[in-house]
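So you can see what is in the structure, the chains are spelled out below.
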Amino acid sequence: MSWGGKTEKLIAPLGFTILLLLLWEVVCRAFSIPQMILPTATETFAALWTFRAVIFDNALVTLWTTVVGFGLAIVVGVALGIGIGWHRAIYSAVYPILVAFNSIPKVAVVPVLILWFGLGAMPAILTAFLISFFPIIVNVATGLATVEPELEDVLRALGAKKMQIMRKVGIPRSLPHFFGSLKVAITLAFVGAVVAETAGASKGLGKLMLDAQAAFQVPVVFACLIVLSVLGILLYAVTALVERRYTGWAFRSQQNL
Amino acid sequence: MESFVSLNDVSLSYGGEQGLLAVSGLSMSVRKGEFAAVVGPSGCGKSTLMKLTTGLVRPQKGQIAVDGKRVFGPISIVGMAFQNPSLLPWRTTLDNIMLPLEIVEPHRQRLGRHRDEYVAKAESVLELVGLKGFGAKFPWQLSGGMQQRSNLCRALIHDPALLMLDEPFGALDAFTREELWGVIRDLHAAKGFTVILVTHDLREAVYLADRVFVMSARPGRVIQERTIDFARPRPIDLIYKAEFNEIVHELREKIAEARADAVAYEPAPS
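Procedures and definitions
- As a convention, each chain's residues are numbered from 1 in the sequence order in which they are written.
- Here chains are named by letter from A upward and ligands by number from 1 upward, in the order in which they appear as written.
- pLDDT decides what is reported in this predicted model: residues at 70 or higher carry local features, side-chain atom pairs at 80 or more are listed and counted, and totals for whole chains, interfaces and linings draw on all residues regardless.
- Each side-chain value is worked out from all heavy atoms of the structure, with water and hydrogens disregarded.
- A run of H or I in DSSP counts as a helix once it spans at least four residues, and a run of E counts as a strand once it spans at least two, with each numbered from the N terminus.
- Partly exposed residues are those whose accessible area sits between 20% and 50% of the maximum for their type, while under 20% is buried and over 50% is exposed, using a 1.4 Å probe and protein chains only.
- A 1.4 Å probe and the Shrake-Rupley method give the accessible areas. Residues count as covered only by the protein chains that appear here.
- Here the expected span of a helix is defined as 1.5 Å times the quantity of residues minus one.
- We define the bend at any residue as the angle between the axes fitted to the seven residues before and including it, ending there, and the seven starting there.
- In this scheme, patches are assembled from residues that exceed 30% relative accessible area and form no salt bridge. Like charges are connected within 9 Å, while nonpolar side chains (Val, Leu, Ile, Met, Phe, Trp, Tyr) are connected within 5 Å.
- Salt bridge, as used here: a side-chain nitrogen of Lys or Arg that lies within 4 Å of a carboxyl oxygen of Asp or Glu.
- By convention, a stacked pair of Phe, Tyr or Trp rings (six-membered ring in the case of Trp) has centres within 6.5 Å and planes under 30 degrees apart, an edge-to-face pair has planes over 60 apart, and any other such pair is tilted.
- Criterion for a charge above a ring: Arg CZ or Lys NZ at most 6 Å from the ring centre, at most 35 degrees from the ring normal.
- Pairing between two strands requires that DSSP report at least two bridges joining them.
- Axis definition: a line fit to C-alpha positions, over the contact stretch in the case of helices; interaxial angles, taken between N-to-C directions, run 0 to 180 degrees.

S.K.: For this particular structure, what's the right way to read the overall build of chain A?
M.R.: If you tally the helices and strands in chain A, you get 10 helices and zero strands. On the principal axes, the C-alpha backbone points of chain A span a range of 75 × 55 × 30 Å. When burial is assessed residue by residue, chain A has 42% of its 257 residues classed as buried. Just so you have it, chain A exposes about 13800 Å², and 73% of that area is on carbon and sulfur atoms.

S.K.: Even after reading the chapter, I still don't get helix α6 (residues 122-145) of chain A, so can you show me in this structure?
M.R.: Within an α-helix, residues lying three or four positions from one another point in the same direction, as the helix has 3.6 residues per turn. Residues and elements named next belong to chain A. The end-to-end C-alpha distance of α6, which contains 24 residues, comes to 34 Å, matching closely the 34 Å that a straight helix rising 1.5 Å per residue would cover. The largest bend in α6 is about 35°, located at Ser 132, with the proline Pro 135 one to four residues further on. In terms of burial, α6 is largely enclosed, as 19 of its 24 residues are buried.

S.K.: Looking at this structure, I do not really get a nonpolar patch on the surface. What am I missing?
M.R.: All names here are of chain A. A contiguous nonpolar surface patch, about 630 Å² in accessible area, is contributed by Phe 16, Leu 19, Leu 20, Leu 23, Val 27 and Phe 31. Position of Leu 19 relative to the elements: it lies in helix α1 (residues 3-30). For Leu 19, a relative accessible area of 54% gives the class exposed.

S.K.: Just to check I follow, could you spell out the packing of aromatic side chains for this structure?
M.R.: How two aromatic rings sit relative to each other is given by the distance of their centres and the angle of their planes. What the rule picks out here adds up to 10 aromatic pairs over all chains. Consider the rings of Trp 116 of chain A and Phe 117 of chain A, whose centres lie 6.4 Å apart with planes at 80°: the pair is edge-to-face. The class of Phe 117 of chain A is partly exposed, set by a relative accessible area of 40%. On the numbers, 5.4 Å between centres and 15° between planes, the contact of Phe 138 of chain B with Trp 140 of chain B is stacked. On the basis of relative accessibility, which here comes to 26%, the residue Phe 138 of chain B falls in the partly exposed class. Aromatic ring contacts, followed pair by pair, group Phe 101, Phe 129 and Phe 133 of chain A into a single cluster. It is Lys 106 of chain A that lies over the ring of Phe 101 of chain A; its NZ or CZ is 5.7 Å from the centre. Taking NZ or CZ as reference, Arg 245 of chain A lies 5.1 Å from the ring centre of Tyr 246 of chain A, over its face.

S.K.: Just checking my understanding: could you explain the pairing of strand β10 (residues 222-227) of chain B for this structure?
M.R.: All names here are of chain B. Of the pairings in the sheet, the one linking strand β9 (residues 211-215) to β10 comprises five bridges and is antiparallel in character. Bridge pairing in β10 links Met 215 to Val 222. Between the antiparallel neighbours β9 and β10 lie six residues.

S.K.: Please clarify how the sheet that holds strand β7 (residues 162-166) of chain B should be interpreted in this entry.
M.R.: Residue and element names in this part refer to chain B. Sheet architecture is open: six strands sit in the order β6-β7-β8-β3-β9-β10, paired in mixed fashion. Of all the strands in the sheet, just β6 (78-82) and β10 have a single pairing partner and so form its edges. Going from strand to strand, the sheet's axes swing by 15° on average, the running direction of each strand aside. As judged from the four bridges shared by strand β3 (residues 35-39) and strand β8 (residues 194-198), these two strands associate in the parallel manner. By the bridge assignment, Phe 35 is partnered in β8 with Val 195.

Okay, structure coming up:
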C-alpha cells in the first residue's frame, strides 16, 4: 500500500475518531456538563474498564441473540425469496402480506413476544429475526427476477428445467443482492435484539443499559453504547468480508484490470 | 423439396385467442444446411418466429416441424444467440461456453468424466471464431465484439443442427459487424448447419443468406421469398457491388410497402 493509500484507509478514519473523542472530552470539561447528562470520554472509558466483566457477559448475550436471529432470518428469507422469485403466483400471494407485516414497527411486537416467551433470550432472538428477514427476501427475489430473458430462452430451448436455470443462473445472479442484503440485515438484527432487551429481558446489553440508567450510572450507559457500536461495526465488517469473498465478480469495476 | 425447418400456416397471439396477434398464417420452409434470413419491419413477429421454431411457445394454429419431427416443446438440436450476449459474469469465457453442455444430454452425463475432452472442444470452437487463448478471461474483460463471438461459441458448443440468430450483431460497430459476418459465414461453410438469422439489417441478410424471407407488419407472415445466389465464399467487398445493392433496394421497397400497409391499418400505434 502506498503512503497515500495508507493515509486514506487507516490514518484518516483513526485520526478523525480520536479528534471526535478529544472534542467530546473538551466540550464536557469546557461547559462543565454534569456527569448525569453526558459523562466525559475518560469517565466513559473508565466505566468500560471497571465494569468490563459484566459488560462482556452481557455483550456476549446480545451478540448471541443477534446471530441466532440473523441466522433464522437468512434461512427464512432465502426460502421465501426463492419462492417469490420462482413464480409470479407465489409473489402475488405472499408479497402484500410481507409488506404489511414489515410495516408494523417491531418495537410494538416485543411486548407480545415477551407475553408468549417470557423474559428470556427468545423475544430478542425473534425480534432480531422479524426485523431483519424482509430485506433478505426482497433482495433474493429481485436477484432471481433479474435473470436475462434471452438467457432463459437459450437454456429453455436446450431443455433446461426451471430448477437448472435457477441453479446455474438465478441463484449465482442473486448472490450479490443476497450478500448486500446481509449487510443491511445484520445491522437491523442487532438493533432488533437490543430493542427487545431494552423492552424487557433478563440479560444483554440493552438490559444492562436499562439497569445502569435506573441506577444513575450514566458512564456505564455510555460505555455500553460504545460497545454496541463496536459490535455493530464488527458484525457489518464480517458480512462485508464474506460478500467480497463470494461475489468478487460483482465488484469488478473496483478492481484493477 | 426436403425441408429441415417448416412452419405451416402458423398463428400465435399473446394473451390467449383474443390477445394481440403476433403472427398469422405464417408459412416458411428452410432446407437442411441452408442459410435463411428473416427481415421485416419492427414488431413484425421475428422474435416470435424464433420462439416458435425452438419450441419455447406453442402456436394456437398451424404446425411446426424441425428435422422431420413436429415441435411440441423445447428442442435441444438448436443453438440460439441473441443481440444481448448475456454471458454470466461469474464464469470465465470457457465456462460460459460450456454452459449448454451442463444441460443437454448426453453431454450432461459425460461432462464429469470427460471434462478434458469437452474443454478441448470448447477451445477449438473459440479458435474458430478467433478467440484462441481467451477462455480464461471473464466476459467483462472482453470487448463487445469478443463477447458476441463467445455468445456464438456458446450457441455452437453442442453441435446444433440448427442455429437461430436474433439480431446477433445489432449492437456492434460497423467494422466489428463486418468481421463477425465473416466469422459466421466461415462457420456455416465449415460446419454445414442450418441457420435462421433474424435481422433488420438488409445488407447483412443479403450478404449472408441463401434465401431472404420478408415478413409483413404485425400480424407477421412471409410476404416474399428472395433467393440470393451469389457464389460462395462471398468476399466482403461484395456489399459494394451494384448487383448486391439492387437486391438490397428491392427488399427495402418491399418492407417499406409492408410498413405503409401497417400504418394504414393501424392509425393509432400501440
